[in-house]
Amino acid sequence: MNMISITKAAKVGLAAFSLAANVSIPAHATSDTLTVVVTDEPKSLDPCDTDLSGNSRILRNNITETLVNLSPIDGTVTPSLATDWRQVDDLTWEFKLREKVTFHDGKPFDANAVAAALKRAQDPALACEVGLATLKGVKLSPEVVNPTTIIIRTDVIEPILPNKMAALDIGSPDMPNDAKTRAPVGTGPFKLLEWLPGQSVALQAYDGYWSDKPSIKNATVIWRAESAVRAAMVETGEAQIAYEIAPQDGTSDHDHAFPNAETSLLRIDQDVAPLNDRRVREALNLAIDRDGLIGTIFHENAEKAMQVVTPSVFGYNPDIPAWTYDPEKAKSLLEAARADGVPVDKEIVIYGRIGIYPNSSESLEAIQAMLADAGFNARLEMLETSPWLKKLLKPWAKDRQPSILQTQIDNTEGDAVFTLPNRFTSDGNTSSIVDPKLDTIISDASKATGDERKRLFQEAFKYIAVDAVNIVPLFHMVTIARVASDVNYTPDVQAGNEIKLKSVSYR
Amino acid sequence: MSFTYLLRRTFSAAFALAALMISAFFLVRLTGDPVNLYLPFDASDATREAMRVRLGLDRSLAAQFIDWAADILRLDFGVSLWHNRPAMEVVLEALPNTLALGAIALTLAFLAAVIIGSIAAVNPGGWIDRGFNLLSQAAASVPDFWLGLMGVLLFAVTFKILPTSGFGGPIYWILPVACLFARPFGTLVQIIRGSMIEALNATFVRTARAKGAHAGRVTFVHALRNALLPAITVTGDLAAQFAGGGGVVEVVFGFPGIGKLLIDGILKRDFAIVQASIFAVSVVIFIINILVDMLYASIDPRVRVE
């Protein structure tokens, strides 16, 4: 074969190739179709598992709805399937339900559906995420008064029941009661069209929706583990919205960093020497250069944290002073402790979790170096999720090494009660603090209402961070989402759990 | 190939498979308790214990093993904790994708390596040989992960002629195949080149040349037939590796194959998925090995499959 024919063949081949490519690559989406790319495939798509963000992002307010929603701005409770609610007495709440709402299977939405959803979520045999987390610790007994009125009784005083109802996604009562479903039926603006395992979930606008119809008619949710690929998909028009872009990939104008209601911190195991000395715990906080970490390892929009919840959470305390970076003071505190016989040279393990947030290993490598500079003997151990959970959750070994543990706490429910009891009371299963005084404050706050509730929660946050110094707060975190330039969508603080497809439109 | 041979191989494979499955049973359970991964942090100790009881994880390892072995003998691999479906059903959806991906990549790599390796061997040390040597060494050593991301940046983002990732028509297969192609191609070129140089200097080739056979025929028929044997052995091994999936490549491209499933299964402590995947992949490897033996015998008449 001579040179000319090779060139010709190559040209023909390339032309055929690009022709085939142009035909088969998904072209830019039409005005009513949208593709969203997330990191992980959902687990079950069961409405009672929406505490898992993978499920919630597909279901919440797309396929299924809740009685009420929480405002992403200030966490106040707003109507959804319930139009009105009131506390009848300490242990009784009444909800008035919206009329003329139907499920995608044609069944009417009524009080019986709410009662069934509540029962299902609390069924121990189903082990629903919502029942095990948000609704935990209180027995909720529904009573159907009439199709549009339901009474929910509690066995303990539940001042924020409406907030909790914002977590209960309501599926059709015809869904199986003895098993989780992969085919949810809700009242939302979209119905499930198809779930191709390992590939995608397709949603289609529901014609019978009770409120404003979405401008997107067909939405597809797909998952790619690699941040660079997710980012590239928006560039090529294969997707219009991509979540959880790593800081190093999220440098274009289409990348939006939004607060994700997560706070990163290090939990101090304060039972074990030398961490049982308050001076040593204070030194840990003073040794970390938080300003140096922002904009380098952490995103520049991350905010220095003083406590474990973000300002949008009810009970947040704005008056806790942020830790300053003072390695010299840290050293002198360690010296003072040493002089009193505290074993400050003992090795402290920093347990990290691989991939808990972008650059999680890098952040701890930097922190380890900072601690070493201040005179700590710290060793870093990065763990995969399962062994990390073993370090996070009780019971812990009695003869364990002193340790600090990298973690991240989210609160999208808007009230401090969703953060404090399990993590900072003596019997909390991830709590490393045993302090009767703090237990009392948290318990009183959980039962209180209004200003008293706020004051007590604020006191609890101050006690944890300033008096006990049980944590090394790091940052209120941000997530980066890439949004195609022709798409109208602004991710809010709930975007970690909810893709509000109804709010998405093309320009 | 005789029936007794097949029976003997099946018998020994069954033994190996049993040993493998038994070690898989104990190894996955050594990696930790799935309960903590499946329940929210806030779940109470009682709920955790209830789930352990429900999954049978509260019982002694021996008791768990006996039940598990009885289930496996009935080919019941249990229900996936994550997918909430029979594990084998999930595995059998993913396996064909991986097998097709591996088969395409390996066939192309083998064919390309035969051509490139043979051409390189004709004039060892020449500039063509040196060029191909460099190319094949680079291909054999480049990481899949890097190649995948570069492919996405170049062909999807910059030239916009290929999709970044996903699963569908032939166009979606090009980048994953190209990534999986590189390493076996590089390795096989090296092997074929070496054995071709040896074969081209062998007496039977010199005899063929002396008899006036055409140079192309000497290279591609007489010499190649002999030089292929080591390459087939290596290809068999590569095929066996591919049966387990190109994990990293499948993850990067969101390709729904067994490699990604297995990685997810391990990370999520989804024992049923891990065990069912290992079983399915082992059976495929056994079949590949038989096929390689048969191929070997058909190329070299001195080898008898018995």
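- Under an unreviewed UniProt entry, the name given to chain B is ABC transporter permease, and the organism recorded is Rhizobium sullae.
- Per UniProt, the comment on chain B under Subcellular location (unreviewed entry) is "Cell membrane".
- Entered under Sequence similarities (unreviewed entry) in the UniProt record, the comment concerning chain B runs "Belongs to the binding-protein-dependent transport system permease family."

- Under an unreviewed UniProt entry, the name given to chain A is ABC transporter substrate-binding protein, and the organism recorded is Rhizobium sullae.
- Per UniProt, the comment on chain A under Subcellular location (unreviewed entry) is "Periplasm".
- What UniProt records for chain A under Sequence similarities (unreviewed entry) is the sentence "Belongs to the bacterial solute-binding protein 5 family."

1. Looking at the domain arrangement of chain A
Residue and element names in this part refer to chain A.
Here's step 1: Per the domain assignment, the segments of chain A are domain 1 (3-9 + 259-479) and domain 2 (64-174).
Here's step 2: Placing a centre on the C-alpha atoms of domain 1 and another on those of domain 2 gives a separation of 34 Å.
Here's step 3: Of the residues lining the interface, 13 residues belong to domain 1; the matching set on domain 2 comes to 10 residues.
Here's step 4: The largest share of the area that domain 1 buries against domain 2 comes from Glu413, Phe418 and Lys447, three residues that together contribute 48% of it.
Here's step 5: Put simply, domain 1 and domain 2 have 0 salt bridges between them.
Here's step 6: Residues belonging to the side of domain 1 that touches domain 2 are distributed by class as follows: 3 nonpolar, 6 polar and 4 charged.

2. Concerning the pattern of salt bridges
Here's step 1: Applying the stated criterion across every chain, the model contains 37 salt bridges over all chains.
Here's step 2: Ionic pairing is found between Arg52 of chain B and Glu49 of chain B, a salt bridge with its closest N-O pair at 3.4 Å. Taken together, the positions of Arg52 of chain B and Glu49 of chain B, both in helix H3 (residues 45-55) and 3 residues apart, correspond to about one turn of that helix.
Here's step 3: Residue class for Arg52 of chain B comes out buried when judged on its relative accessible area of 18%.
Here's step 4: The residue Arg85 of chain B makes a salt bridge to Glu89 of chain B at a minimum N-O spacing of 3.2 Å.
Here's step 5: Through salt bridges with shared partners, a single network forms among Glu235, Asp255 and Arg482 of chain A.

3. Remarks on the UniProt feature "domain: ABC transmembrane type-1" (unreviewed entry) in chain B
Here's step 1: When the UniProt feature table is mapped onto this chain, "domain: ABC transmembrane type-1" (unreviewed entry) is found at residues 95-296 of chain B.
Here's step 2: Along residues 95-296 of chain B, the helical share is 81% and the strand share 0%, with 26 Å between the first and last C-alpha atoms.

4. Observations concerning unusual backbone geometry
Residue and element names in this part refer to chain A.
Here's step 1: The omega angle of the peptide bond from Ala273 to Pro274 is 5 degrees, so this bond is cis rather than trans.
Here's step 2: Along the chain, Pro274 falls in the loop between strand E12 (255-268) and helix H7 (278-286).
Here's step 3: The omega torsion of the bond from Lys394 to Pro395 falls at 0 degrees, within 30 degrees of zero and hence cis.
Here's step 4: Secondary-structure assignment places Pro395 in the loop between helix H11 (385-392) and strand E16 (403-410).
Here's step 5: In this model, Asn359 sits at a positive phi of 65 degrees, which is unusual for a non-glycine residue.

5. Focus: the interface of chain A and chain B
Here's step 1: Across the boundary between the two partners, chain A contributes 45 residues, which contact 46 residues of chain B.
Here's step 2: Here chain A packs against chain B, burying approximately 3,700 Å² in sum over the two surfaces, 60% of which is carbon and sulfur.
Here's step 3: The interface formed by chain A and chain B contains 2 salt bridges.
Here's step 4: Put simply, Asp40 of chain A and Lys268 of chain B hold a salt bridge, and the shortest N to O gap is 3.7 Å.
Here's step 5: Those elements that provide at least two residues to the side of chain A that touches chain B are helix H1 (3-24), helix H4 (129-132), helix H6 (227-236), H11 and helix H12 (420-424) of chain A.
Here's step 6: Classifying every residue of the side of chain A that touches chain B by side-chain character gives 21 nonpolar, 11 polar and 13 charged.

6. Structural notes on helix H10 (residues 215-243) of chain B
Residues spaced three or four apart along an α-helix face the same direction, because each turn holds 3.6 residues.
Here's step 1: The axis of H10 of chain B is deflected most strongly, by about 55 degrees, at Leu224 of chain B.
Here's step 2: Positive phi appears at Gly245 of chain B, one or two residues downstream of H10 of chain B, with a value of about 90 degrees.

7. A look at the packing of helix H5 (residues 87-122) of chain B against helix H8 (residues 174-200) of chain B
Here's step 1: Contact geometry for H5 of chain B and H8 of chain B: axes closest at 6 Å, N-to-C directions at 35 degrees. Both H5 of chain B and H8 of chain B take part in a crossing whose hand is right-handed.

8. Describing the environment of Ile433 of chain A
Residues and elements named next belong to chain A.
Here's step 1: Relative to the assigned elements, Ile433 resides in the loop between H12 and helix H13 (436-447).
Here's step 2: Judged by its relative accessible area of 1%, Ile433 falls in the buried class.
Here's step 3: In sequence terms Ile433 and Asp269 are 164 residues apart; their C-alpha atoms lie 7.7 Å from each other.
Here's step 4: The residues contacting Ile433, other than those within four sequence positions of it, are Gln270, Phe424, Thr425, Ser426, Leu438, Ala468 and Asn470.

Rules used in this analysis
Throughout this description, residue numbers start from 1 for each chain and increase along the sequence as written. Naming scheme: in the order in which they are written, chains are lettered from A and ligands are numbered from 1. Reporting in this predicted model follows two pLDDT cut-offs: at least 70 for local features of residues, and 80 or more for side-chain atom pairs to be given and counted; totals over whole chains, interfaces and linings ignore these cut-offs and use all residues. Values shown for side chains rest on all heavy atoms present in the structure; no hydrogens or waters enter the calculation. UniProt positions are given in the numbering used here, feature names are shortened, and annotations may be inferred rather than shown by experiment. Segment limits for the domains were obtained from an automatic or database-derived domain assignment. The contact definition used throughout considers only heavy atoms, calling two residues in contact when any of these lie within 4.5 Å. Buried area adds together the accessible area that both of two parts lose upon being put together, with accessible area traced by a 1.4 Å probe. Should a side-chain nitrogen of Lys or Arg be within 4 Å of a carboxyl oxygen of Asp or Glu, the pair is scored as a salt bridge. Residues were grouped as follows: Ala, Val, Leu, Ile, Met, Phe, Trp, Tyr, Cys and Pro as nonpolar; Asp, Glu, Lys and Arg as charged; and all remaining residues, including Gly, as polar. Per the convention used, a helix needs a DSSP run of H or I reaching at least four residues, while a strand needs a run of E reaching at least two, with both numbered from the N terminus. Each residue gets one of three labels from its accessible area relative to the maximum for its type: buried under 20%, exposed over 50%, partly exposed in between, using a 1.4 Å probe on protein chains only. To get the bend at a given residue, fit one axis to the seven residues ending there, fit another to the seven starting there, and take the angle between those axes. As a rule, the C-alpha atoms of each element are fitted with a line to give its axis, helices using only the stretch in contact, and angles between N-to-C directions run from 0 to 180 degrees. Handedness of a helix crossing follows the sense of rotation of the near helix relative to the far helix, less than a right angle counterclockwise being left-handed and clockwise being right-handed.

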